[in-house]
Protein chains: 2
Amino acid sequence: MMDEKDAQVLMRTASAELTSRQSITHPQQPARRAVMARTAAVAAGMVAGGAKAASLAVPESNLRPGTPIPENEYGLPSKFEAKVKRHRTNVFVNKQNFSDWSFTPLAQQHGIVTPNGLIYERHHNGVPEIDPEQHRFAIHGMVRQPLVFTMSDLMRYPSVSRFYFMECSGNGLADWLKPASKTVQQTHGMLSCTQWTGVPLSALLDEAGVLPTATWGLAEGADGSAHSRSIPMKKLLDDALLVYAAGGEMLRAENGYPLRLFVPGWEGNVSIKWLRRLKLGDQPWNLRSETARYTDPMPNGKWRQFSFEMEAKSVITAPSGDMRVKPGPMEIVGFAWSGVGKIKAVDVTLDGGKTWRQATLEEPVMDKCLTRFRLRWNWDGTPTKIASRAVDSTGYVQPTVEQIQKVRAITGFVQHHNAIFPWSINAAGEVANAIA
Amino acid sequence: MMDEKDAQVLMRTASAELTSRQSITHPQQPARRAVMARTAAVAAGMVAGGAKAASLAVPESNLRPGTPIPENEYGLPSKFEAKVKRHRTNVFVNKQNFSDWSFTPLAQQHGIVTPNGLIYERHHNGVPEIDPEQHRFAIHGMVRQPLVFTMSDLMRYPSVSRFYFMECSGNGLADWLKPASKTVQQTHGMLSCTQWTGVPLSALLDEAGVLPTATWGLAEGADGSAHSRSIPMKKLLDDALLVYAAGGEMLRAENGYPLRLFVPGWEGNVSIKWLRRLKLGDQPWNLRSETARYTDPMPNGKWRQFSFEMEAKSVITAPSGDMRVKPGPMEIVGFAWSGVGKIKAVDVTLDGGKTWRQATLEEPVMDKCLTRFRLRWNWDGTPTKIASRAVDSTGYVQPTVEQIQKVRAITGFVQHHNAIFPWSINAAGEVANAIA
């Protein structure tokens, strides 16, 4: 423990006049000197008030035993973090709670791995409870040999573990033309990322023997909505996985336990949860989820089917909506991702789009995976707007809403919103949704 | 949902004589044909017994709504996975429960990220409860300017997120010369891996102004044992982090909430949890944890201090102790890691060490991080021993117990056990700890 002499030295030093360290401040690190002044002030405060001086004394927690380890345990977050939850309610109250969604608290996420308890949800008729011993998965239709698998069959196959993001096609649908939501959890929280483990679907399709006529597959879930989607064979044979684990452990019930399809980089709703069958055919099934939903209105009044790929997108998660910042140094952080490759660059504007600076991308930068970007900023207190713009490995640049409007009609709650998303900061440091 | 015609086709096909698909089986994929025969048998079983035939009917879960999403939630594992917990008890019962440990269920871990609820624990006097608003971290001793930080100070600094393993130096200490533990959770479970987020300590040391005389730092925790360790300045200035988040969220209480030191690649006990101060000095403090504990006996009767680096190591996690396997195709999987670099290769023996085959390393392969290795195997039912051997980027090869004994004395519960670890498989397919 800190002895009395140590504490006295700290107190004494803190009460002395504090001078800045004589060192060269690196021009790309404007944060240091200012932060230093601030922390020095904290130290100085130690003697100004009794409460702060006491903070350097040996804390209560050093003076008594803590809580012992239970015999068997699955740990939970600190009680001081109880506010960090996935939230069901966005801007409008969804009264049809069985067809529902919840949002990942992106502003509180550190790094690129979403905690298993916070992965966003989208269900069409609630979460089924499925006993893995009873679950079966069938491949049938245009195959030489229909096959049925138990979970223990599937788990004996050679497997892979891959980091991928997952995003709902409806992510951001309330915030196209004017602000509707406040926080980044609400505007972008149908987005998560983890390491998925399972069997490459190509291995099982190879075994079943795909007939040359087969060009589409129908994947169906064992949930109360029997949620189903048509998926081109080319993608199923490319990188689609039969996933049984995520984030280091077996899937959570709400994420498809015991088995889901995972279609990397594509809209989340084709990664069918609680997967029970895949039927091969020679055309799409044109389900309601492919005619009335998950389609994009065009300027000519027609609707485009099958916008599977989630195109490059990014968002600043801190500072973000409903936060309050102070003038001085801070780090701007956010996520960038692309359903068609790796993130190549992220530009950030700090002046409402007049100029753009390149942010630092944090390794590892992986294909179809969330990528962290970071940029140091010294805010001078002037009201402004900040936003990020992603560029992916195909050269595609994240568009503005105006650019999207040239090829699509933005009417009501429209899917596939990957536009640049600005936050405003007012003179009081209040950060707000500034989409317009 | 699957219509009646689909179900009939599946039933009919399953009852027909099944012939192997006419295709070239890749010689490196012996699993496929055999697995195919097995799954075909499952399909055939559909008509042999009513129960199995019924399994292809529409399941109960398709016929009713599932559970709606709660308003706010932090999700939990499926009830069918309730057995996957970290366990306190190893082979001997620790009656002094305040100085305790728990083990990560490595055999049930998929991918390289340990779920936050399953990260292993080692505490010297229980888990303290610390309010982040009240917590302070001080840098003092041989510095130009002592500094005290609040958590909100620290969280404004530029941060990094990095994937690293963490391993207790005592991992495996009961299993040097003869089998004591059964499962890989017991033999190797004081090992976890996640993405850690925090502030590079070098930035704060730079700000405090390290005096030229300072060569060591003393890190101290705010727990009931005030657990402390001496750490060379060189490492503190290299890649040590002040960590406040892991696995995508703020640290769990048992992993140091709200702040811990993280010393990449080094024995876990120097990554001081609940970190409250770092004092710089010109020599190590020679604490009890550095003279009576965390030291290695040598053949000459002396004890070696400061074996900080966790040298290259690996273990097969499946099949592993207390599992039962069947003859036929399976995938051997395991973890390899090194505290001094990346894993370069992992060799696996399937015949008790006579021959070794190179396993596949799964990307991403990261510095000081768990790496997954995989190897396909078709077990013919003959009793055997299997083991893995890691090679890291420095060229270091994971040693045998015999090789370690040439430079160290293995007496009782000795630390830093990174030897090759074999599992035996008997004729019944029972897998057991085969260290000897």
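Residues numbered from 1 in each chain as written. Chains lettered and ligands numbered in written order. Predicted model: local features only at pLDDT ≥ 70, side-chain atom pairs only at ≥ 80, totals over all residues. Heavy atoms only, no water.

An unreviewed UniProt entry lists chain A under the name Sulfane dehydrogenase subunit SoxC, with Ottowia thiooxydans given as the organism. As its UniProt record puts it under Cofactor (unreviewed entry), chain A is described as follows: "Mo-molybdopterin". (UniProt positions renumbered as here; feature names shortened; annotations may be inferred.)

Student: Would you explain the overall build of chain A in this entry?
Tutor: Across its full length, chain A holds nine helices and 25 strands. In chain A, buried positions account for 61% of the 436 residues. For chain A, restricting intrachain contacts to residue pairs at least 6 apart in sequence, the fraction spanning at least 24 positions comes to 71%. Element-wise, carbon and sulfur atoms account for 54% of the exposed surface of chain A, whose accessible area totals about 16,600 Å². (Helix = DSSP H or I, 4+ residues; strand = E, 2+ residues; numbered from the N terminus. Buried < 20%, exposed > 50% of the residue type's maximum accessible area, 1.4 Å probe, protein only. Contact = heavy atoms within 4.5 Å. Areas by Shrake-Rupley, 256 points an atom, 1.4 Å probe, with all protein chains shown as cover.)

Student: Looking at this structure, how should I read the packing of aromatic side chains?
Tutor: Each aromatic ring pair is described using two quantities: the centre-to-centre distance and the angle formed by the ring planes. Under the criterion given, the structure shown has 23 aromatic pairs over all chains. Taken together, a centroid distance of 6.1 Å and an interplanar angle of 75° make the contact between Phe 149 of chain A and Tyr 157 of chain A edge-to-face. On the basis of an interplanar angle of 25° and a centroid distance of 6.1 Å, the ring pair of Phe 137 of chain B and Phe 149 of chain B is categorised as stacked. Linking Phe 137 of chain B in strand β5 (residues 136-141) with Phe 149 of chain B in strand β6 (residues 147-150), this pair joins segments that are twelve residues apart in sequence. Summarising the burial analysis for this pair, Phe 137 of chain B and Phe 149 of chain B share the class buried. (Phe/Tyr/Trp six-rings, centres within 6.5 Å; stacked < 30°, edge-to-face > 60°.)

Student: How should I be thinking about the pairing of strand β11 (residues 241-246) of chain A in this particular structure?
Tutor: Each regular strand shows side chains that alternate between the opposite faces of the sheet. All names here are of chain A. Within β11, six of the six residues are buried, which leaves it mostly tucked inside the rest of the structure. Alignment of strand β8 (residues 191-200) against β11, held across five bridges, turns out to be antiparallel. Pairing of Thr 197 across the sheet is with Ala 245, part of β11. In this structure, β11 lies alongside strand β13 (residues 260-262), joined through three bridges in antiparallel fashion. (Pairing = 2+ DSSP bridges.)

Student: Sorry, what's going on with the relation of the copies chain B and chain A here?
Tutor: The operation relating the pair of chain copies consists of a rotation about an axis and a translation along that axis. For the pair chain B and chain A, the relating rotation is 180°, the translation along its axis is 0.0 Å, and the fit reaches an RMSD of 0.0 Å. Here the symmetry operator amounts to a two-fold rotation axis. Here 100% of the contact residues of chain B are again contact residues in chain A; the copies associate through an equivalent surface. (Least-squares fit on C-alpha atoms with pLDDT ≥ 70 in both.)

Student: I would appreciate a short explanation of the sheet that holds strand β21 (residues 360-361) of chain B in the present structure.
Tutor: Sheet strands line up and pair through hydrogen bonds in the backbone, either parallel or antiparallel. Ordered in space as β17-β18-β22-β21 (chain B), the four strands form an open sheet in which the pairing is antiparallel. Both outer strands of the open sheet, β17 (313-318) and β21 of chain B, are each paired with one neighbouring strand and no more.

Student: I keep staring at the interface of chain B and chain A and nothing clicks. Help me out?
Tutor: In many analyses, interface size is given as the accessible surface area lost on bringing the parts together. Tallying the contact residues gives 128 residues for chain B and 130 residues for chain A. Surface buried jointly by chain B and chain A totals about 11,000 Å² across both partners, of which 55% is contributed by carbon and sulfur atoms. Of all residues in chain B, the largest losses of buried area upon contact with chain A belong to Ile 69, His 110 and Arg 156 of chain B, amounting jointly to 8% of the total for that side. Counting every contact that joins chain B to chain A gives six salt bridges. Here Glu 71 of chain B ties to Arg 88 of chain A by a salt bridge, and the two come within 3.2 Å at their closest N and O atoms. (Buried area = accessible area lost by both parts, 1.4 Å probe. Salt bridge = Lys/Arg side-chain N within 4 Å of Asp/Glu carboxyl O.)

Student: Would you mind going over the sheet that holds strand β21 (residues 360-361) of chain A with me for this structure?
Tutor: All names here are of chain A. Strand order in the open sheet made by the four strands is β17-β18-β22-β21, with antiparallel pairing throughout. Either end of the sheet is taken by a strand with one partner, and the two such strands are β17 (313-318) and β21. Of the strand pairs in this sheet, strand β18 (residues 328-337) and strand β22 (residues 371-379) are connected by nine bridges, and their pairing is antiparallel. Bridge pairing links Gly 334 to Phe 373 in β22.

Student: Looking at this structure, how should I read the environment of Leu 177 of chain A?
Tutor: Relative to the helices and strands, Leu 177 of chain A resides in the loop between β7 (160-167) and α5 (184-188). Taking the C-alpha atoms as reference points, Leu 177 of chain A and Ala 436 of chain A, separated by 259 residues in sequence, lie 4.8 Å from one another.

Student: Help me understand unusual backbone geometry, please; the structure alone is not making it clear to me.
Tutor: In terms of backbone geometry, most residues other than glycine have negative phi values and most peptide bonds are trans. Residue and element names in this part refer to chain A. Cis geometry is found at the peptide bond from Glu 363 to Pro 364, where omega equals -5°. Of note, Pro 364 is situated in the loop between β21 and β22. Even without being a glycine, Ala 226 presents a positive backbone phi close to 45°. Among the secondary structure elements, Ala 226 is positioned in the loop between β9 (216-221) and β10 (228-232). Its identity as a non-glycine residue notwithstanding, Asn 286 has a phi of 50°, on the positive side. Counting through the fold element by element, Asn 286 comes out in the loop between β14 (275-281) and α8 (288-291). The exposure class assigned to Asn 286 is partly exposed, which follows from its relative accessible area of 40%.

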